Amino acid sequence: PRAQPTPAAPPPATTPAPTTPAPPTTPPPATPPPTTATASAPAAYEPPDFMTTPPALPEAADVAATWRLDLAEALRLALANNLGVAIERTSVDIAARGVDVAGGAFEPVVTARVAHGSAQSPPDTSQAGAAGDLLTTRTDDWQLGVGELLPTGTRLGVDFTNGRTRSTAGTAVAPLTYRSSVSLSVTQPLLRGFSLDLAVPRVDVLRAELTSERARHQLAITAVDVLERAEAAYWDLERALYRYALDLRSRQRADDQLALTQRQIAAGLMPPSDLLSAETTLAQRRLQLVRAAQDIDAATDRLRAVLHLPRAEWARPLLPTALPRFAPEAVTAEDALAQALAHRPELAQLALDLADRGLAVRKAENAERPQLDLGLALSLIGQDASYTNTLEQLGRADAPGYAVSVNLSWTPLGRAATATTAIERGRERLAALARDQAVQDVWLAVRDAVRALGGAAQQVEAAARFRALSTQALEVEQRRFLSGSSSNFLIAQRQEELASAQLAELSAVLDHKKAAAALLRATGRLLDARHVELAVKPTR
């Protein structure tokens with residue numbers, strides 16, 4: 001007879017069920033991309049009491065030597081002491097100086113030459129001297145020149161040449177003659193080595209600038225990795241300290257339960273055999289406390305290693321002071337990808353590689369052209385027995401001259417140049433494919449990071465609910481124990497459930513912090529979010 005009402009009872013039971021639970025359960029699936037947006041709805045998250053204050057060190061720690069370390073200071077130390085970051089900073093400085101080296105091709109070059117010569121020789125002609133004579137000729141030459149290659153590919157040259165000749169030859173203009181000349185030469189390539197946008201003449205400088213910028217992005221990549229590892233080690237130490245505090249509470253509850261059991265037995269309300277269960281629980285809690293203390297030591301060493309502290313500092317206890325706060329945020333994978341495309345240093349590096357390969361292709365294509373140069377030369381000459389008069393002739397431009405030239409050099413087959421161009425185009429395609437593959441990988445990483453952040457937020461809410469219910473269950477079980485309707489075994493079970501719930505909530509909150517940092521890294525915004533500026537000081 002009771003089996004018939006039960007089928008009739010489910011319909012009314014199922015009708016209210018979708019109406020009341022539906023609102024809390026329907027929104028998360030309705031908007032899967034912003035999973036964190038649904039998690040941000042319960043913004044009034046209240047952390048448990050043990051997470052409202054910084055964790056404490058074990059009793060055996062040296063409190064006087066304790067280093068109270070906040071998160072910002074830990075990140076600063078990690079970047080300042082990390083050897084990988086130091087290496088990349090030096091690489092950035094080297095790459096920046098490479099731009100100066102490449103630009104040195106456009107610096108003016110000053111040349112100077114001084115020469116003295118003396119020779120004796122028989123005359124070549126009867127006008128020069130008689131047979132058997134020895135003619136003496138002494139020369140002194142000095143020259144000063146300035147040459148420069150302009151970013152347009154134009155080559156300029158200015159030369160000031162002087163000579164003094166003493167000769168006993170009869171064909172000499174005078175026994176002592178000074179000759180000076182000033183010449184200006186301009187050579188402009190028209191095909192090979194020239195482009196209207198001046199990219200080909202400056203290709204080495206442009207590629208050096210790309211290399212310098214790439215080194216800066218590599219520094220950012222290394223710094224982001226160090227920051228994420230340092231932050232994770234910081235929260236791991238805080239997790240170990242909080243877990244020790246929770247295990248300490250569990251041991252205290254086991255102590256209290258053992259004392260209560262002893263009073264119950266003394267009052268005759270419980271048999272003496274129940275004391276064994278309480279003592280077993282207390283022994284288990286003490287073992288957990290020992291393990292928690294060992295975990296603190298291990299986590300502290302990992303943080304010291306990430307911070308690269310000197311060995312003299314490894315004896316000091318580290319005490320994180322940052323509080324683990326749960327601050328959910330609404331993020332979609334599409335928005336995160338847009339941020340990643342704009343800020344990820346890895347993608348910026350690949351874009352620079354693609355630009356570098358494009359310059360290499362342009363240089364190779366330009367090398368296929370014939371060498372066609374247009375040249376112009378202007379000159380002034382002065383000559384006299386007096387050096388002063390010689391210079392005056394130059395000033396008056398008594399003997400000017402000019403020359404215009406066109407030089408052509410061409411390799412008709414051009415096999416090497418054509419092959420070089422094909423190679424560079426292939427490398428450019430590889431660079432483009434590498435960037436496309438990297439964008440695909442970033443898309444996957446961003447989706448994973450967004451999903452992990454949303455899942456971490458949901459786990460915080462579920463763990464908080466689990467902790468609240470476990471607290472209530474323990475309180476109920478304790479009241480039942482006082483009334484004689486429960487046992488030490490059930491009390492220990494409820495205490496274990498509460499400890500697990502508290503640890504689960506702590507882990508969920510810290511995992512959410514790590515997931516938030518991982519999302520910042522995936523979108524390339526971790527340095528900005530942590531207010532880190534990577535200044536590089538030039539080395540001497």
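Residues numbered from 1 in each chain as written. Predicted model: local features only at pLDDT ≥ 70, side-chain atom pairs only at ≥ 80, totals over all residues. Heavy atoms only, no water.

Quick word on the overall build of the chain
Here is step 1 of the chain: Helices and strands together make up the secondary structure of the chain, namely 16 helices and eight strands.
Here is step 2 of the chain: The C-alpha atoms of the chain give a radius of gyration of 42 Å, which is well past the 24 Å a tight globule of 540 residues would have.
Here is step 3 of the chain: Seen through its principal axes, the chain has C-alpha atoms that stretch 150 × 60 × 40 Å.
Here is step 4 of the chain: For the chain, the share of sequence-separated contacts (at least 6 apart) that also reach a separation of at least 24 residues comes to 80%.
Here is step 5 of the chain: Element-wise, carbon and sulfur atoms account for 59% of the exposed surface of the chain, whose accessible area totals about 29700 Å².
Here is step 6 of the chain: Each charge sign in the chain was given a centre, from 56 positive and 60 negative side chains, and these centres are 3 Å apart. (Helix = DSSP H or I, 4+ residues; strand = E, 2+ residues; numbered from the N terminus. Rg over C-alpha atoms; globule rule 2.2 N^0.38 Å. Contact = heavy atoms within 4.5 Å. Areas by Shrake-Rupley, 256 points an atom, 1.4 Å probe, with all protein chains shown as cover. Lys, Arg positive; Asp, Glu negative; His and termini not counted. Charge placed at Lys NZ, Arg CZ, Asp CG, Glu CD.)

Overview of the nonpolar core
Here is step 1 of the chain: In terms of nonpolar packing, the biggest core is built from 56 residues, with L303 and L307 touching the most fellow members.
Here is step 2 of the chain: Per-element accounting of this core gives the leading share, 17 residues, to helix α9 (residues 203-266).
Here is step 3 of the chain: Apart from the residues within four sequence positions on either side, L303 is in contact with L69, A230, A233, Y234, L237 and L318.
Here is step 4 of the chain: The next biggest cluster of nonpolar side chains, apart from the first, holds 17 residues, and it includes A336, A340, V446 and A456. (Core = buried A, V, L, I, M, F, W, Y, C linked by side-chain atoms within 4.5 Å. Buried < 20%, exposed > 50% of the residue type's maximum accessible area, 1.4 Å probe, protein only.)

Quick look at the pairing of strand β7 (residues 371-384)
Here is step 1 of the chain: As defined by bridge partners, strand β5 (residues 176-189) adjoins β7 across twelve bridges and the pair is classed as antiparallel. Residue pairing across strands places S180 opposite G382, the latter belonging to β7. (Pairing = 2+ DSSP bridges.)

Observations concerning helix α14 (residues 415-482)
Here is step 1 of the chain: The end-to-end C-alpha distance of α14, which contains 68 residues, comes to 98 Å, matching closely the 100 Å that a straight helix rising 1.5 Å per residue would cover.
Here is step 2 of the chain: Two residues or fewer past α14, G484 is found with a positive phi of approximately 85 degrees. (Expected span 1.5 Å × (residues − 1).)

Structural notes on the packing of aromatic side chains
Here is step 1 of the chain: By the definition in use, this model includes five aromatic pairs.
Here is step 2 of the chain: Centre to centre, the rings of F50 and Y242 are 6.1 Å apart; their planes meet at 70 degrees, and the pair counts as edge-to-face. A residue pair is termed long-range when its members are at least 10 positions apart, and F50 in the loop between α6 (35-39) and β1 (67-69) and Y242 in helix α9 qualify at 192 residues.
Here is step 3 of the chain: Here F50 falls in the buried class, since its relative accessible area comes to 6%.
Here is step 4 of the chain: Look at Y178 and Y387: their rings are 5.5 Å apart centre to centre, the planes differ by 50 degrees, and that puts the pair in the tilted class. Here Y387 lies in helix α13 (residues 387-396) and Y178 lies in strand β5, a separation of 209 residues in the sequence.
Here is step 5 of the chain: A relative accessible area of 12% places Y178 in the buried class.
Here is step 6 of the chain: Exposure remark for Y387: the relative accessible area of 24% places this residue in the partly exposed category.
Here is step 7 of the chain: A connected cluster of aromatic rings, assembled from ring pairs, spans W142, Y178 and Y387. (Phe/Tyr/Trp six-rings, centres within 6.5 Å; stacked < 30°, edge-to-face > 60°.)

Side note on unusual backbone geometry
Here is step 1 of the chain: Of note in this structure, A397 is not a glycine but carries a positive phi near 55 degrees.
Here is step 2 of the chain: If you trace the backbone, A397 turns up in the loop between α13 and β8 (399-409).
Here is step 3 of the chain: Residue class for A397 comes out partly exposed when judged on its relative accessible area of 32%.

A word on the packing of α9 against helix α12 (residues 345-367)
Here is step 1 of the chain: Here α9 crosses α12 at 165 degrees, and the two axes come no closer than 9 Å. Between α9 and α12, the interaxial angle falls into the category roughly antiparallel. Crossing angle aside, the handedness with which α9 passes α12 is left-handed. Here V203, D204, L206, R207, L210, E213, R214, H217, Q218, A220 and I221 of α9 lie close against α12, whose contacting residues are P345, E346, A348, Q349, L352, D353, A355, D356, R357, L359, A360 and K363.
Here is step 2 of the chain: Residue composition of the contact of α9 with α12, grouped by class: eleven nonpolar, three polar and nine charged. (Axes fitted to C-alpha atoms, helices over the stretch in contact; angles between N-to-C directions. Parallel < 35°, antiparallel > 145°, perpendicular 65-115°, else oblique. Left-handed = near helix turned anticlockwise from the far one by under 90°. Nonpolar A, V, L, I, M, F, W, Y, C, P; charged D, E, K, R; others polar.)

Structural notes on the environment of R451
Here is step 1 of the chain: Structurally, R451 can be placed in helix α14.
Here is step 2 of the chain: Spatially, the C-alpha atoms of R451 and A515 are 9.3 Å apart, while their sequence positions differ by 64 residues.
Here is step 3 of the chain: At 2.8 Å, the side chain of R451 forms a polar contact with the side chain of D448. (Polar contact = N/O pair within 3.5 Å; in protein donor to acceptor, adjacent residues only side chain to side chain.)

Regarding the side chain of R467
Here is step 1 of the chain: Following the sequence through the fold, R467 ends up in helix α14.
Here is step 2 of the chain: The exposure class of R467 is buried, given its relative accessible area of 17%.
Here is step 3 of the chain: Ignoring anything within four residues of it in the chain, the contact list for R467 reads E46, P48, L498, A501, Q502 and E505.

Side note on the sheet that holds strand β2 (residues 109-121)
Either a parallel or an antiparallel arrangement is found when strands of a sheet pair, and the pairing is made through backbone hydrogen bonds.
Here is step 1 of the chain: Strand order in the open sheet formed by six strands is β2-β3-β4-β5-β7-β8, and the pairing between neighbours is antiparallel. Looking at the sheet topology across the chains shown, the edges are occupied by β2 and β8. Averaged over all pairs of adjacent strands, the angle between strand axes in this sheet comes to 15 degrees, irrespective of strand direction.

Side note on the environment of E329
Here is step 1 of the chain: With respect to the element layout, E329 can be found in the loop between β6 (318-320) and α11 (333-343).
Here is step 2 of the chain: On the accessibility criterion, E329 (34% relative accessible area) is partly exposed.
Here is step 3 of the chain: Sequence spacing of E329 and T52 is 277 residues, and the spatial spacing of their C-alpha atoms is 21 Å.

Examining the pattern of salt bridges
Here is step 1 of the chain: Under the counting rule described, the total for this entry stands at 30 salt bridges.
Here is step 2 of the chain: D93 is the salt-bridge partner of R97, the closest N and O atoms lying 3.3 Å from each other. Highlighted residues: R97 and D93, both in helix α8 (residues 83-103), separated by four residues, approximately one helical turn.
Here is step 3 of the chain: Owing to a relative accessible area of 39%, R97 belongs among the partly exposed residues under this scheme.
Here is step 4 of the chain: Of the charged contacts, one joins E505 and R467 as a salt bridge, the two residues approaching to 2.6 Å between their closest N and O atoms. With E505 in helix α15 (residues 488-522) and R467 in helix α14, the pair connects residues that are 38 residues apart, well separated along the chain.
Here is step 5 of the chain: Several salt bridges converge on common partners, so that one network encompasses R207, D356, R357, E424 and R427. (Salt bridge = Lys/Arg side-chain N within 4 Å of Asp/Glu carboxyl O.)

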